[in-house]
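Spelled out, the chains give:
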Amino acid sequence: MKNRRVLLASRPTGWVSEENFKVEDAPLPSPADGEVLVKNLWLSLDPYMRGRMNEGKSYAAKQEIGEVMLGGTVAEVIESKNPKFAQGDKVLGMLGWQQYGMSDGKGLNKIDASRVPMSAYLGVLGMPGVTAWVGLLDICQPKAGETVVVSAASGAVGSVVGQIAKLKGCRAVGIAGGRQKCDYVVEELGFDACVDYKAGALNDDLKAALPKGIDCYFENVGGEILDAVLRRMNPFSRIAVCGLISQYNVTEPYGVKAFQSILVNRIRLQGFIVSDRTELWARALPELAGWVAGGKIKYRETVAQGLENAPRAFIGLLKGENLGKQLVKVA
Ligand SMILES: NC(=O)c1ccc[n+]([C@@H]2O[C@H](COP(=O)([O-])OP(=O)(O)OC[C@H]3O[C@@H](n4cnc5c(N)ncnc54)[C@H](OP(=O)(O)O)[C@@H]3O)[C@@H](O)[C@H]2O)c1
């Protein structure tokens, strides 16, 4: 049996291309004592992977050239020499862009696949869902009646942010690329409004959608959108800086012009990385699970079929071709 896998072949300068990856078949190893061999079923594609492809220092360790691309996976145990896992167990781990993975059991967690689809553990009931919960409820701390704005609003994180804001009695306004995404955010997810930043009138459209300004901004994109939002922030408002995806593929970073708003409006701005906040996961996950089970949080997935299509799907994610959580169905 062979293990098809995707390696980092070279580091991109600016935009990622399919040439930065190499798809190859490797022999399948047997587990040693204490090890578990898993078959990956679902692979999560996430924007942070772009940062790891760079040489430079970031908040996460860089990905080495020639190594299997890192990534979150849902898998099935096919052979176990570790007493904690049995053949057939469904597990969540970081087994990367490959068909099979070997683990010593550390960082591998059994999941209950009987109540929710397994893929949800990589999205709304996984890292992206917890990211939304932490950034909104722990950092922004919105109060009922306040206005919450989130960028990349139709994506894995943004879609959950706006729905939690609604559950907390806030006015939720999304920013997303294109009419179709904005319609989804308002009509299906229940946001109060959504601004299509690609429509060519970002400042005017934000002004119209925000008659009472912004109390909380959940930042996913940076660049010109951040500038336009800063101009609409209220006194004593809060910004959670979660991501800056518009800057991940540029060689010349965007210079923010409306920085003065932070002083004038006494804005509290804080960046965060969800993996630093391990103490909050045990509170966030059951709450998210309850909302999903009760139909109060909805989600969508964009699924690429087959590991060999992962590089194309990853580039598509960075270009906004996904709606909701971007996944790869490995098997
Ligand atoms: N801090 C943390 O711990 C943490 C954890 C998870 C994710 N994140 C960050 O959260 C953000 C969202 O992640 P996600 O997994 O939920 O991804 P996602 O929103 O599902 O997908 C990325 C989306 O970003 C938008 N985008 C891409 N280029 C853009 C640009 N130039 N300007 C504006 N929007 C652009 C696209 O939507 P449009 O079509 O609407 O442009 C695209 O669909 C990312 O910045 C990511 O790095 C941070």
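Scroll up for the structure.
Residues numbered from 1 in each chain as written. Predicted model: local features only at pLDDT ≥ 70, side-chain atom pairs only at ≥ 80, totals over all residues. Heavy atoms only, no water.

Draft legend 1. How the structure looks around the overall build of the protein. Within the protein, the secondary structure is distributed over nine helices and 15 strands. Dimensions of the protein along its principal axes, counting C-alpha atoms only, are 60 × 45 × 35 Å. Put simply, the protein has 331 residues, and 52% of those count as buried. Long-range pairs, those at least 24 residues apart, make up 67% of the contacts in the protein with a sequence separation of at least 6. Put simply, the protein has 40 plus and 35 minus side-chain charges, and the middle of one group is 4 Å from the middle of the other. (Helix = DSSP H or I, 4+ residues; strand = E, 2+ residues; numbered from the N terminus. Buried < 20%, exposed > 50% of the residue type's maximum accessible area, 1.4 Å probe, protein only. Contact = heavy atoms within 4.5 Å. Lys, Arg positive; Asp, Glu negative; His and termini not counted. Charge placed at Lys NZ, Arg CZ, Asp CG, Glu CD.)

Draft legend 2. Here's a closer look at the side chain of asparagine 265. Summarising the element assignment, asparagine 265 is placed in the loop between helix H7 (260-264) and strand S13 (268-271). Its relative accessible area of 13% is what places asparagine 265 among the buried residues. Among residues more than four places away in sequence, those in contact with asparagine 265 are Met233, Asn234, Pro235, Phe236 and Ser237.

Draft legend 3. Geometry of the pairing of strand S5 (residues 90-93). Only one face of S5 is covered, namely the face carrying Val91 and Gly93; the face carrying Lys90 and Leu92 is uncovered. In this structure, strand S4 (residues 73-80) lies alongside S5, joined through four bridges in antiparallel fashion. In the strand pairing of S5, alanine 75 is matched with valine 91. (Pairing = 2+ DSSP bridges.)

Draft legend 4. Structural context of the nonpolar core. Counting residues in hydrophobic clusters, the biggest one holds 48 residues, and the most contacted among them are Trp133, Leu136, Ile164, Leu288 and Ile297. Take this core: its biggest share by element is eight residues, from helix H2 (residues 127-140). Not counting residues up to four positions away in its chain, the partners in contact with tryptophan 133 are Asp138, Ile164, Leu280, Arg283, Ala284, Glu287, Leu288 and Trp291. Judged by nonpolar contacts, the second largest core, of 22 residues, contains Val195, Leu226, Met233 and Ile239. (Core = buried A, V, L, I, M, F, W, Y, C linked by side-chain atoms within 4.5 Å.)

Draft legend 5. Geometry of unusual backbone geometry. Positive phi, close to 50 degrees, is recorded for glutamine 141, a residue that is not glycine. Inspection of the secondary structure puts glutamine 141 in the loop between H2 and strand S8 (147-151). Positive phi outside glycine occurs at phenylalanine 236, with the angle close to 65 degrees. Within the secondary structure, phenylalanine 236 is located in strand S12 (residues 233-241). Residue phenylalanine 236 is classed as exposed on the basis of its relative accessible area of 53%.

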